[in-house]
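# Report on the structure
Single-letter residue listing:
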Amino acid sequence: MEAAEALTLLMSPQGRVDPYPTYERLRAHGPVVQALPGLYVVTGYPEADELLRDPRLGVLDDALRDQVWPNWRESPAISSIARSMLRTNPPDHSRMRRLAAGAFSPRRIAGMRQVVRAQAEALLDDMLERAADGAPVDVLADFAYPLPVGVICALLGVPATDRPLFRRWAGDLTGVLEPEITAEELAVADAGAAELRAYFTELVAARRRTPADDLTTALVQLHDTDGDRLTGDELLANLVVLLVAGFETTTNLLGNGLVVLLRHPGAAAALRADPGLAPAYVEELLRYDSPVQLTTRTSTAPVRCGGLDLPAGSTALLLLGAANRDPRRFPDPQRFDPTRDQAHPLSFGAGPHYCLGAGLARLEAQLAFPMLLRRLPELALAGTPRHRTRLTLRGYQSLPVTLGTPAVADRGTPAGAHPGTP
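Please read all numbers here as calculations on a predicted model, not as lab measurements.

### What to know about the environment of Tyr-354
As for its position among the elements, Tyr-354 is in the loop between α18 (320-323) and α19 (358-375). Tyr-354 sits in the partly exposed class, given a relative accessible area of 29%. As a C-alpha pair, Tyr-354 and Arg-97 span 257 residues in sequence and 11 Å in three-dimensional space. Once residues lying within four places of it in the same chain are set aside, the contact partners of Tyr-354 are Arg-97, Phe-348, Gly-349 and Arg-362. A polar atom in the side chain of Tyr-354 sits 2.9 Å from the side chain of Arg-362.

Laid out in structure tokens, this is it:
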């Protein structure tokens, strides 16, 4: 199959639902392949890692965005993403990232361990109550979504009563992150972005009236005291992106990972018996079925990578899900093996745009998986789960499960009771 043909297949509904066979068709052409004029597809791990870190490559800037979407400033979805740290280059990216980084420092994340654990336990209690009659429950709606959204909303200072609003708005907005989007899909994304911007406009006004100990207040005060450090558009855009990125990827990590574990009962049993294995399991789950499958970069100068010369102005489509299955980096990459030597999957990216919340996502997953498996030893899929037809953010539409008989009086190993307990 020619590279251009494989790329077309990857963008199709079939390719989006299960991209891994198409990744291998693209990999057959080499770790970097020119699929279309000016477009290079990267499936190799070292090549993707190299390009993510190369300062000659960056995200789409305003001038190039004008060529792709001449009216992008009128789109709430595109402009929200474009004005955030997610889609800006240094020095603007570095400036905005520094302002939010303190909320995601290793020390701050470590201090959230008991908060995350308590939220997860409470969600599991509620899920058990809803499933008391033995009927299936949707573990995405009842656990994998509310856990990360609760955590990021606590950081941002979003009231608990407002949290159910965000799943649809965020799901609509993230359509704009796909490599291809129709006019109809963009209209849906714009509607979601408009709702989110309106919500945060009100929250910003509330924090001006009544400051609180949260990230929203901190960013509002930075803007109000020094607009050069954070403009009004940047304030709203980054609040929207911090919320959406704070739970979309983690929800997918929890959903994708749980399906993998339930389809590998031996591995699940080992983690159930020893929660100290959770960090290695989470790294392998990130590698095996990454919640973020791709990102793009544009070259500002000629770059040579993977044996090919990428001229200035080239676009690199970095297939992170394919890089995570590069056999040069991960032997027998199609096999789920949490005992393999870890080699840092690229699921959270690399370089300047490395995911700000990666440590928080890892913490949530390291606590959640052992807890689910230990308290619900009979947890099982209720039917065949269906993926969303999204490629960039890979996850399930819903995830019905049966809980079986919960473990008696088992709320997980208390922190500190096991030297490796997460």
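Having seen the model, we can carry on.
### Here we look at the pairing of strand β1 (residues 32-36)
Bridging between β1 and strand β2 (residues 39-42) involves four bridges; their strand directions are antiparallel. Bridge pairing links Leu-36 to Leu-39 in β2. Between β1 and β2, which pair antiparallel in sequence order, lie two residues; one of them, Gly-38, sits at a positive phi of approximately 80 degrees.

### Quick word on the sheet that holds strand β4 (residues 137-138)
With antiparallel pairing, the three strands of this open sheet are ordered in space as β4-β12-β9. Strand pairing shows two members of the sheet lacking a second neighbour, β4 and β9 (380-381), which therefore form its edges. The pairing of β9 with strand β12 (residues 400-402) spans two bridges and is antiparallel. Bridging from a neighbouring strand, Ala-380 pairs with Thr-402 of β12.

What counts, and where the lines are drawn
Residues numbered from 1 in each chain as written. Predicted model: local features only at pLDDT ≥ 70, side-chain atom pairs only at ≥ 80, totals over all residues. Heavy atoms only, no water. Helix = DSSP H or I, 4+ residues; strand = E, 2+ residues; numbered from the N terminus. Buried < 20%, exposed > 50% of the residue type's maximum accessible area, 1.4 Å probe, protein only. Contact = heavy atoms within 4.5 Å. Polar contact = N/O pair within 3.5 Å; in protein donor to acceptor, adjacent residues only side chain to side chain. Pairing = 2+ DSSP bridges.

Without other data, these values stay purely geometric and don't point to any function.
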